[in-house]
Amino acid sequence: MKPIKLSMTAFGPYQTKEVIDFTKLHEHGIFVVSGATGAGKTTIFDAITFALYDSGSGEDREKSLFLRSDFADETIDTEVELEFEVRGRLYRIWRKFGHNGTSAKREFFEITGGVEVPAVEKFQVKLIQAKIEELIGLTQSQFNQIVMLPQGEFQKLLTSESKHKEEIFRKIFKTERFTKMVELLREKKKSAEKLYDQSIMQQDNTIHEILSRLPNRESELFSAVNQDVINLYQVKQALLLEQQYYEEHCRTLKTEYEKSKLQLQQLNETYSEQKLLNERIEKYLLRKTKLAELLQQEQTMENEKQRLELAKKATHIEPIEREHEKVKFQLEKAEVALQRAKKDFEQVKLQLQNALKYYEEQKQHEPLLDEYSKTISQLEQLLPIYQSIDDQRKSVLKIEENQNNAKQLFEKLLKEDSALKEQHQEQRTIINDLEQKVASYQETFEAHAMMTKKIELAKETLKLQSNVVALTKTLAEKQQIANHSQDKLKKLEQQIRSNHAAFLATSLQHGEACPVCGSTEHPAIHSSEAMDVDDNELTVLRRESDNALQNFYQISSKLEVEQAALNEKQMILQQLKIDPSSLDEYEQQLSILTNQLSMQKQQQAQLVKEKKKLEQLLENKEVLQGRIEKGQQYVSEIDQQYAQEKGKLEQSEKSLLPQFSTVQQVTEALTSLQQKYHHLKNTIQKALEALQNIQLEEKSCEVNYQHAMNNLTDKQQENKIAQASFESILIQEGFHLEAYKQALLPLHVQQQIQETLDNYKQSFHTLTVQIAEEHQMLEGKELVDLKAFEQQITLLTEQVEAQYSEMKLVHSYTLQCGETLEKLEKSARQIEDYKEKLMQVEHVYDLIRGQNEAKISFERFAQIGYLEKVTHAANERLRVLSNGQYFLKSTGRKEGNAQSGLSIDVYDSNTGQTRDVKTLSGGEKFNASLSLALGMADVIQSVQGSVHIDTMFIDEGFGTLDEEALRRAIDILIDLQQTGRLIGVISHVAELKAAMPAILQVQKLKEGYSKTEIIIK
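This structure is a prediction, so every number in the text was calculated from the model and none was measured. (Residues numbered from 1 in each chain as written. Predicted model: local features only at pLDDT ≥ 70, side-chain atom pairs only at ≥ 80, totals over all residues. Heavy atoms only, no water.)

Participant: Quick question: what am I supposed to make of unusual backbone geometry here?
Facilitator: Most peptide bonds are trans, and most residues other than glycine sit at a negative phi. Phi is positive for Arg 87, which is not a glycine, with a value near 50°. Along the chain, Arg 87 turns up in the loop between strand S4 (78-86) and strand S5 (89-97). (Helix = DSSP H or I, 4+ residues; strand = E, 2+ residues; numbered from the N terminus.)

Participant: What am I meant to see in the environment of Leu 976 here?
Facilitator: Structurally, Leu 976 can be placed in helix H21 (residues 963-978). For the pair Leu 976 and Met 952, spaced 24 residues apart in sequence, the C-alpha to C-alpha distance is 9.3 Å. Here Leu 976 is in contact with Arg 877, Leu 934, Arg 981 and Ile 983, once residues within four sequence places are set aside. (Contact = heavy atoms within 4.5 Å.)

Participant: What should I look at first to understand the sheet that holds S5 in this one?
Facilitator: Neighbouring strands of a sheet are bound in pairs by backbone hydrogen bonds; such pairs are parallel or else antiparallel. Spatially, six strands are ordered S2-S1-S4-S5-S6-S7 in an open sheet, and the strand pairing comes out antiparallel. Because the sheet does not close on itself, it has two edges, and the strands there are strand S2 (14-21) and strand S7 (115-118). Sheet twist, expressed as the average angle between the axes of neighbouring strands with direction ignored, equals 20°. Bridging between strand S1 (residues 2-11) and S2 involves six bridges; their strand directions are antiparallel. In the sheet register, Met 8 faces S2, and the bridge partner there is Glu 18. Each of S1, S2, S4 and S5 touches helix H1 (residues 41-53); the most contacted strand, S1, lies at about 100° to it. (Pairing = 2+ DSSP bridges. Axes fitted to C-alpha atoms, helices over the stretch in contact; angles between N-to-C directions.)

Participant: What exactly am I supposed to notice about the pairing of S1 here?
Facilitator: Working note: regular strand, side chains alternate between the two faces of the sheet. S1 sits mainly inside the fold: eight of its 10 residues count as buried. The hairpin turn running from S1 into S2, its antiparallel successor, is two residues long, and Gly 12 in that turn takes a positive phi close to 60°. (Buried < 20%, exposed > 50% of the residue type's maximum accessible area, 1.4 Å probe, protein only.)

Participant: For this particular structure, what's the right way to read the sheet that holds strand S11 (residues 913-916)?
Facilitator: Across the sheet, which stays open at both edges, the three strands sit in the order S9-S10-S11 with antiparallel pairing between neighbours. Two strands in the sheet have a free side with no partner beyond their single neighbour: strand S9 (886-891) and S11. Averaged over neighbouring strand pairs, the angle between their axes works out to 35° when direction is ignored. Packed on one face of the sheet, helix H19 (residues 858-881) meets S9 and strand S10 (903-908) and runs near 175° to S9.

Below is the structure:
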């Protein structure tokens, strides 16, 4: 990046607009910035940094608020504009930061062939920042370390502690990604620990689930599970034995089930055979009943048969009757048609006489058509002339109307301008008031957040205390229940042992050895010591005792967790000095802060809205001013146009005829004559057409009348023939007319009767055959009562179902044992896998974060590599500046208990000793820091190939050098300048100013503000 032109307005000590044109340096690539103390030399560097990065050049000058000129008028905005070159391409960036409520603005353009094109899509802070870093290749931190070296700050890299160098290197070489690696590994470690703990918990849950999934009985499994310390190997071996026990029991139950199932099958077969026989006997009796019913219907079926035969004979006559009715109907139609044709013929004759008379009357007006045609032609020639004059009149009226509207609009714009000025002043007052109200928002926000945290911690602590009290009480109750169950179980087990002893004592004889203890003497044991004990009672007591102990352990575990959480919360409360008893007071304070914060948020939102309104008002004012100027010009133009058009109209109106003054009068006269002409012509034409139509209709009606008379004669003859044929067929079939009508039946009714007769005959035949066949098979057999069979089947079915359920239950226990074994095996494998992964992650995590023998993190290790490169490059200059006496060295010197590795020592070739750089003199430190900055620039260019350091500005420090050291420093800077860099140096040293070919002079005027001037020697 090379600066071309810098413009500063109301910036620092510069009151108005100050322009520094670096092109005036010509070929001189190195210059000195000279001026009195406080004149504004460093402000030039601030302006360049502010233009590029929206911030000052040093820690004390980063806030743009401090860069506002105290000499500038309130109406002048603080602005900085910089034209600069990057790799042969030219750019212009402009920034303005707001004051007195105005909003900050910015622009960024690339200049190509004198034309400015936006360098970013939108002029937003983030987009411009990203584009600047992309073009220059440096962040602001890198820029301030190697390009813009602020006064007293660029030595920090040389003399600061390792932890400060770490921050500097992190910003310059972007090593924060290695810190993110530590955070990522920490999360992976937590995740691995969580998985490992979950796998152990899952294994414990699988073991404890055995008590609820398998019936409790005296076995090695439940003995192993109920131990205080559970041995996984014992549990797995006991599970195998338990599985074998249930497999054997399941086989026994299956044998019993198959036996009962076979008995049920045989009983069902017998029942089915008897049930089938009962059904056949019932069907046989039902058929005999149906046959008797059919015999009673025999006479009815005979009557229906005769009715069907008569209907079939009548059906043969019906077509001839229909033909006779059809001919009769046609005869009636012919008579009606003859009467209608006669009437139409007489009417059309009368219409023909009237039409002939009307046509002769209208033909007498034909001479008027010629007169109308001549007058119409004359008016058509006048119409364009009057139309042109009328258009001129309308144009003048339109211009006059526009003239009035323009004047009204212009007056309205002036009123709007006055109103906008008043609104602008009111809006400024509102914004100032809101800014004062929201000034303390950040303090209120932080107080609200802290109070919220206090309340949450207090509530959580009180809840934990309540839980601990409740769990302590519950634990005591559970312990009492468990102790009571244990006592009852012990008493019952003692009674069982007493019963066994009493039973054994009854069989002992004096002198014979006891099978238990081997003694030959047996004390008397009364039979009263033995009591009856129910084995089920013992099982129930053991189950109750186990459940009570399990409940006790669960509550105890919960109590430990809650107590630990309570202790942790109490430690936090003690550190933050929070008293849970003051919860009500905290909540009252939070309510007050919440209301205050809510109000300030609303005020902030209102402030943003009001500022937007102000911006909109300013934009509207600019737009309105442009409209006022255009309006004034438009009013002047339209006045001139109105005068011209009105003169033309007055000249044209002199040529008008006296009988017509407007185009409307000419048009109305022309339209009236045209209507009369067309009406008369259409009337004559319609009269002729009507006469011709009536003549044609008269001939047609005459033909229709003659045809109707001939058709009536034909239909009368056909009717006589059809009537004779119908009467003949009735006599032939033996019907008179009334009997024929009664015998007629619709075809679907005949079909229904036929179907009924056929069904009756078929049913009668079928039943007769079936009864005859079954009579021989069922002779001597009777119905049997099936309820006894059904009761036996029900009882046996319930027995089979119960045996099946028990067999399935036992089988499920077998499967449960197998599944539990698989789960335990899987849990064991997972625990080993998660443990191995956890150890791997912990090892890498400790290594990366610096918990290693060297006490160096991975980020620090990478920074050490960069530091070695920087010191190596720096020594190339320091060797010249110190005349070969000093060399910088990157060492791993310890700095207390913190991580080390970024210490810089200096090797003195005169003494052969290595010492801390802090022991160097002021001038030596300046030379070392300058060398380090130049070395940093070289390393960054080599690491980031797209970065080219074309400019360097150095603020002060040369006054600490002696004459020889100053000469060597100047030689170094000249060598740098010869590589194409632009070097600017702020200094009061006379020798340095004398050696430089160009000076940027900053002069502080007596009024207090400053001016600049470039002087070429």
